[in-house]
Amino acid sequence: MASVSIDEAMRRAIALAARGLGTTSPNPVVGCVLLDTDGEVVGEGFHAYAGGPHAEIVALAQAGERARGGTAVVTLEPCDHHGRTGPCSLALIQAGVARVVVAVPDPNPVASGGAATLRAAGIQVEFGVRAEEAEAGNVAWLTSMRRGWPYVIWKYAATLDGRSAAADGTSMWITSEAARIDVHALRGTVDAVIVGVGTVLADDPRLTARNLRDGTLAIRQPLRVVVDSSGRTPDQARVRDGAARTWVATTAEVGAGPDGRVDLPALLAELHHRGVRAALLEGGPRLAGAFLAAGLIDKIVGYVAPKLLGNGPTALLDAGVTTIADVIDLEITDVTQVGPDLRITALPRKREG
């Protein structure tokens, strides 16, 4: 096998890490490629599920003795603590690795420190190779760990004129089956799905991740969160059907914000405490507006159907904008056709000052 460059190895490690998206939380996604003294790939691995072996351990098992004197290329700083598994820093030292190349340092104070331990053992440690790409692949976990609340994605579906339902309230189906399948795949990558009680009362959604073709449930289900200030969620609502865990978040439990409704920052802090690193906000328009007004949205995924209604509820209500100078600017990062619909992905731009 031909030798590969460190840059090529890191690119491969990032691709490996992506295989763990949706199954590793509350842990990060991590990929590792091991090179021997000649620069040939002798082992590779990724963290597949929480509680399972870390990427470095999988790669070291493949490499065996060929790891000695070689280089470990890792997307995230090797952990340095005893959790459900042992520290990867110690495993790399015991394997006789001479060099460790890392894309991104670990912001988790519980697990960080691997680089210092490796250096103390005489191992060369370098940071920064393909750091931006590795950050993007692990953005939800990194963001959550750095600030103490989940990475929040707002998902909505609307017609081309911005309507989420017809004048009589009917909304099934604005978007195509292909778009709905795409949404269920998106649900499978997050730890929680959040809706307001109004959405539960109007639509009675299941909020599970399913295969729409046969109705089967995904093995891993996100936590279903109903933001319900006064506890109006019916006992017979489908979110209480036992298919997935459900939390009805009330002001009595979470606390009230200035508007008397559930305090949203406190809600997110509690979700982080419960192990939620990425959350999908699905409705309704008033709750989405409140999240946006509070600056709590990290990414927007909009499914826009080539249809017109001309009347009916909009996908978004009051987001704290009263004049054009206060408009929420977005950076569009992707536009993809999904069936007849468009999926538009955008990031809210940070406001100056």
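Residues numbered from 1 in each chain as written. Predicted model: local features only at pLDDT ≥ 70, side-chain atom pairs only at ≥ 80, totals over all residues. Heavy atoms only, no water.

### Re the overall build of the chain
(1) Moving on: Along its length, the chain carries 11 helices and 13 strands.
(2) Moving on: Rg of the C-alpha trace for the chain: 23 Å, near the compact-globule value of 20 Å for 353 residues, within the 12% margin.
(3) Moving on: Taken along the three principal axes of its C-alpha coordinates, the chain extends 70 × 50 × 45 Å.
(4) Moving on: Counting over 353 residues, the chain shows a buried share of 46%.
(5) Moving on: By sequence separation, contacts in the chain at least 24 residues apart represent 70% of the contacts at least 6 residues apart.
(6) Moving on: Total accessible area on the chain is roughly 16,600 Å²; 53% of this is exposed by carbon and sulfur atoms.
(7) Moving on: For the chain, the distance from the average position of its 34 positive side-chain charges to the average position of its 39 negative side-chain charges is 4 Å. (Helix = DSSP H or I, 4+ residues; strand = E, 2+ residues; numbered from the N terminus. Rg over C-alpha atoms; globule rule 2.2 N^0.38 Å. Buried < 20%, exposed > 50% of the residue type's maximum accessible area, 1.4 Å probe, protein only. Contact = heavy atoms within 4.5 Å. Areas by Shrake-Rupley, 256 points an atom, 1.4 Å probe, with all protein chains shown as cover. Lys, Arg positive; Asp, Glu negative; His and termini not counted. Charge placed at Lys NZ, Arg CZ, Asp CG, Glu CD.)

### Some words on the domain arrangement of the chain
(1) Moving on: You can read the domains of the chain as domain 1 (6-142) and domain 2 (148-348).
(2) Moving on: One C-alpha centre belongs to domain 1, the other to domain 2; they are set 34 Å apart.
(3) Moving on: Each side of the interface is counted separately: domain 1 has 7 residues, and domain 2 has 8 residues.
(4) Moving on: Carbon and sulfur atoms make up 59% of the area that domain 1 and domain 2 hide from each other, which totals about 620 Å².
(5) Moving on: Between domain 1 and domain 2 we count 2 residue pairs in polar contact (both at pLDDT 80 or more) in total. (Domains from an automatic or database assignment. Buried area = accessible area lost by both parts, 1.4 Å probe. Polar contact = N/O pair within 3.5 Å; in protein donor to acceptor, adjacent residues only side chain to side chain.)

### Digging into the packing of aromatic side chains
(1) Moving on: All told, the structure shown has 1 aromatic pair when counted by the stated rule.
(2) Moving on: Over the ring of Trp-173 we find Arg-180, and its NZ or CZ is 4.1 Å from the ring centre.
(3) Moving on: Residue placement shows Arg-274 over the ring face of Trp-247; its charged tip is 3.9 Å from the ring centre. (Phe/Tyr/Trp six-rings, centres within 6.5 Å; stacked < 30°, edge-to-face > 60°. Lys NZ or Arg CZ within 6 Å of the ring centre and 35° of its normal.)

### Some thoughts on the nonpolar core
(1) Moving on: Leu-34, Leu-60, Val-97 and Val-100 are the most contacted members of the largest nonpolar core, which totals 38 residues.
(2) Moving on: For this core, the secondary-structure elements that each account for two or more residues are helix H1 (6-17), strand E1 (31-35), helix H2 (55-63), strand E3 (71-76), helix H3 (88-95), strand E4 (99-104), helix H4 (114-120) and helix H6 (139-147).
(3) Moving on: If near-sequence neighbours (up to four positions away) are discounted, Val-97 is found in contact with Leu-34, Leu-60, Ala-67, Gly-69, Gly-70, Thr-71, Ala-72, Leu-92 and Ile-123.
(4) Moving on: Listed in part, the 26 residues of the second largest apolar core include Ala-192, Val-276, Ala-288 and Ala-319. (Core = buried A, V, L, I, M, F, W, Y, C linked by side-chain atoms within 4.5 Å.)

### Observations regarding the sheet that holds strand E10 (residues 278-283)
(1) Moving on: Here we have 8 strands laid out as an open sheet, ordered E9-E8-E7-E10-E6-E11-E13-E12, and mixed in their pairing. This sheet does not close on itself; its edge strands, each paired only once, are strand E9 (246-249) and strand E12 (330-338). Averaged over all neighbouring strand pairs, the angle between strand axes comes to 20°, with direction disregarded.
(2) Moving on: Taken together, the 4 bridges between strand E7 (residues 192-196) and E10 define a ladder with parallel strand orientation. Within the sheet, the bridge partner assigned to Val-193 lies in E10 and is Leu-280. (Pairing = 2+ DSSP bridges. Axes fitted to C-alpha atoms, helices over the stretch in contact; angles between N-to-C directions.)

### Concerning the UniProt feature "domain: CMP/dCMP-type deaminase" (unreviewed entry) in the chain
(1) Moving on: Mapped onto this numbering, the UniProt entry gives "domain: CMP/dCMP-type deaminase" (unreviewed entry) at residues 4-126.
(2) Moving on: End C-alpha atoms of residues 4-126 are separated by 17 Å, and the span's content is 29% helix alongside 21% strand. (UniProt positions renumbered as here; feature names shortened; annotations may be inferred.)

### Focus: the UniProt feature "active site" (unreviewed entry) in the chain
(1) Moving on: Mapped onto this numbering, the UniProt entry annotates "active site" (unreviewed entry) at Glu-56.
(2) Moving on: Excluding anything up to four places from it in sequence, Glu-56 contacts Val-30, Cys-32, Val-74, Leu-76, Pro-78, Cys-88 and Leu-92.

### Points about helix H10 (residues 264-273)
(1) Moving on: Where H10 is concerned, the buried positions are Leu-264, Leu-267, Leu-268, Leu-271 and His-272. Summarising the axial view, the buried residues of H10 lie within an arc of 135°, below the 170-degree limit, and thus occupy one face.
(2) Moving on: The N-cap of H10, judged by a side-chain oxygen 2.8 Å from the amide nitrogen of Ala-266 a few residues on, is Asp-263.
(3) Moving on: Of the residues flanking the end of H10, it is Gly-275, one or two places downstream, whose phi is positive at about 95°. (Arc of directions from axis to C-beta.)

### Side note on the sheet that holds E1
(1) Moving on: Spatially, 5 strands are ordered E2-E1-E3-E4-E5 in an open sheet, and the strand pairing comes out mixed. For this open sheet the edge positions go to strand E2 (41-46) and strand E5 (124-127), each flanked by a neighbour on one side alone. The sheet shows a mean angle of 15° between the axes of neighbouring strands, taken without regard to direction.
(2) Moving on: Across 4 bridges, the pairing between E1 and E3 is antiparallel. Each residue of the ladder has a partner; that of Leu-34, found in E3, is Ala-72.

### Comments concerning the pattern of salt bridges
(1) Moving on: On inspection of all chains with the given rule, the structure shows 18 salt bridges.
(2) Moving on: Between Arg-238 and Asp-204 there is a salt bridge, and its shortest N-O distance comes to 3.7 Å. In this pair, Arg-238 sits in the loop between strand E8 (223-227) and E9 while Asp-204 sits in the loop between helix H8 (197-203) and E8, placing the two residues 34 residues apart along the sequence.
(3) Moving on: In this structure, Arg-224 and Asp-241 form a salt bridge, with 2.9 Å as the shortest nitrogen-oxygen distance. Taken together, the residues span a long stretch of sequence, with Arg-224 in strand E8 and Asp-241 in the loop between E8 and E9 at a distance of 17 residues.
(4) Moving on: For Arg-224, a relative accessible area of 0% corresponds to the buried category.
(5) Moving on: By relative accessible area, Asp-241 is classed as partly exposed at 41%.
(6) Moving on: By sharing partners, the salt bridges in this structure join Asp-7, Arg-130 and Glu-133 into a single network. (Salt bridge = Lys/Arg side-chain N within 4 Å of Asp/Glu carboxyl O.)

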